[in-house]
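Architecture at a glance
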Amino acid sequence: EDSQWPSGSISDVAPAYWRRYTDNMTWPGAFITAADMVYTRFGDSEPIRQHYAAMKRWIVHMKESYSEDGIITRDCYGDWCMPPESPEMIHSKDTSRITSAAVISTPFYCYLAGKMAKFAELLGIQEDVAYFNNEIAATTASYNKKYLNKETGRYSNNTVTANILPLWFGMVPADMEDKVFANIIDKTEKDFGGHVSTGVVGIQHLMRTLTERGRGDLALRLATIDSYPSWGYMYRNGATTIWELWNGNTAD
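Just so it is clear, the structure is predicted and the values come from calculations on it, not from any experiment. Residue numbers run consecutively from 1 along every chain, following the written order of its sequence. Given that the model is predicted, a residue must reach a pLDDT of at least 70 before its local features are reported, and side-chain atom pairs must reach 80 or more before they are shown or counted; all residues, however, enter totals for whole chains, interfaces and linings. The side-chain figures draw on all heavy atoms in the structure; neither hydrogens nor water molecules are used.

Considering the packing of aromatic side chains
Only the six-membered ring of Trp is used, alongside the rings of Phe and Tyr, when aromatic pairs are assigned; centres must lie within 6.5 Å, and planes under 30 degrees apart are stacked while those over 60 apart are edge-to-face, with the rest tilted. For the structure on display, the rule yields 13 aromatic pairs. Each ring, one from Trp5 and one from Tyr21, has its centre 3.8 Å from the other, and the planes form 10°; the classification is stacked. Placement of Trp5 in the segment before helix H1 (30–42) and of Tyr21 in the segment before H1 is noted, with a sequence separation of 16 residues between them. For Trp5, a relative accessible area of 36% gives the class partly exposed. Each residue's exposure class comes from its accessible area (1.4 Å probe, protein chains only) as a fraction of the maximum for that residue type: buried when under 20%, exposed when over 50%, partly exposed otherwise. Since its relative accessible area comes to 14%, Tyr21 is described here as buried. Relative to Phe169, the ring of Tyr111 has its centre 4.5 Å away and its plane inclined at 15°; by these criteria the two rings are stacked. Of this pair, Tyr111 sits in helix H3 (residues 101–123) while Phe169 sits in the loop between helix H5 (160–168) and helix H6 (177–191), and the two are 58 residues apart along the sequence. A relative accessible area of 25% means that Tyr111 is categorised as partly exposed. Starting at the N terminus, helices and strands are each numbered in turn, a helix being any DSSP run of H or I of at least four residues and a strand any DSSP run of E of at least two.

Set out below in structure tokens:
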């Protein structure tokens, strides 16, 4: 909250040592997810009580500044950093690998609105509970209308991240969930040979979704394989911590 501007904008890094206020649903969303984590793990609601007004100011700022036809359009860093098509590259130029801004920011808006509804319920602010639940329903409907192909079960350009975010965040129509999940499996196993194809935004939800939907075997493969790109590849090449890039040893 100390880094927040009166407009509601929060810096990409807090404290704002670098004064980057690019506006994202992902990075500044840690303001909400950190408070939720403290409450979920320890039952401590004080961070929510202290910062609820500031968190609401931020998410309303994002909606009012970047909503177009029910889609939240603003994202700066994307799925940082998915494996590029060439080992010396940091950022891919291949549009088939890149998940577009709105395809990331809109599911995150729904996810964070869900946290805000939970907080409002906890604090007894019923009008906010209704507001955020309505936002989730309306945004989900707009998102599915724009990005979901109901014949194929593919979202947007069918990257794993494009499919995993609405699936993990509960936005996929119930009768389409199996199709969407099948696309995630096919993309991972066939197009990428059983390797990851996501960046930091997609990977955290991919591992959980694979495990919960009965493909723990594939999650285990992703966690233990040592050919590129993988965590095992990092370890095999001398890493003592997780690199920022899957190709951290070769990227320019």
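A short note on the packing of H1 against helix H2 (residues 46–66)
Viewed as axis vectors pointing N to C, H1 and H2 meet at an angle of 155°, and their least axial separation amounts to 10 Å. Put simply, H1 runs roughly antiparallel to H2. Crossing of H1 against H2: the hand is left-handed. Together, Phe31, Ile32, Ala35, Val38 and Tyr39 of H1 and Pro47, Ile48, His51, Ala54, Met55, Trp58 and Ile59 of H2 make up the contact between the two elements. Taken together, the residues of the contact of H1 with H2 break down into eleven nonpolar, one polar and no charged. Between the N-to-C directions of two axes lies an angle of 0 to 180 degrees, each axis being a line fitted to C-alpha atoms and, for a helix, fitted only over the stretch in contact. Oblique is the label for any angle not under 35 degrees, not over 145, and not in the 65 to 115 range, which are roughly parallel, roughly antiparallel and roughly perpendicular in turn. Left-handed is the label given to a crossing in which the near helix is rotated counterclockwise from the far helix by less than a right angle, and right-handed is the label when the rotation is clockwise. Working rule for contacts: check all heavy atoms of both residues, and any pair within 4.5 Å makes them a contact. Residue type decides the class: Asp, Glu, Lys and Arg count as charged, Ala, Val, Leu, Ile, Met, Phe, Trp, Tyr, Cys and Pro as nonpolar, and the leftover types, Gly among them, as polar.

Here we look at the nonpolar core
The biggest cluster of nonpolar side chains holds 61 residues, and the ones touching the most others in it are Met25 and Ile59. The element that contributes the greatest number of residues to this core is H3, accounting for twelve residues. Here, the term nonpolar core denotes a set of buried Ala, Val, Leu, Ile, Met, Phe, Trp, Tyr and Cys residues that are joined through side-chain atoms within 4.5 Å.

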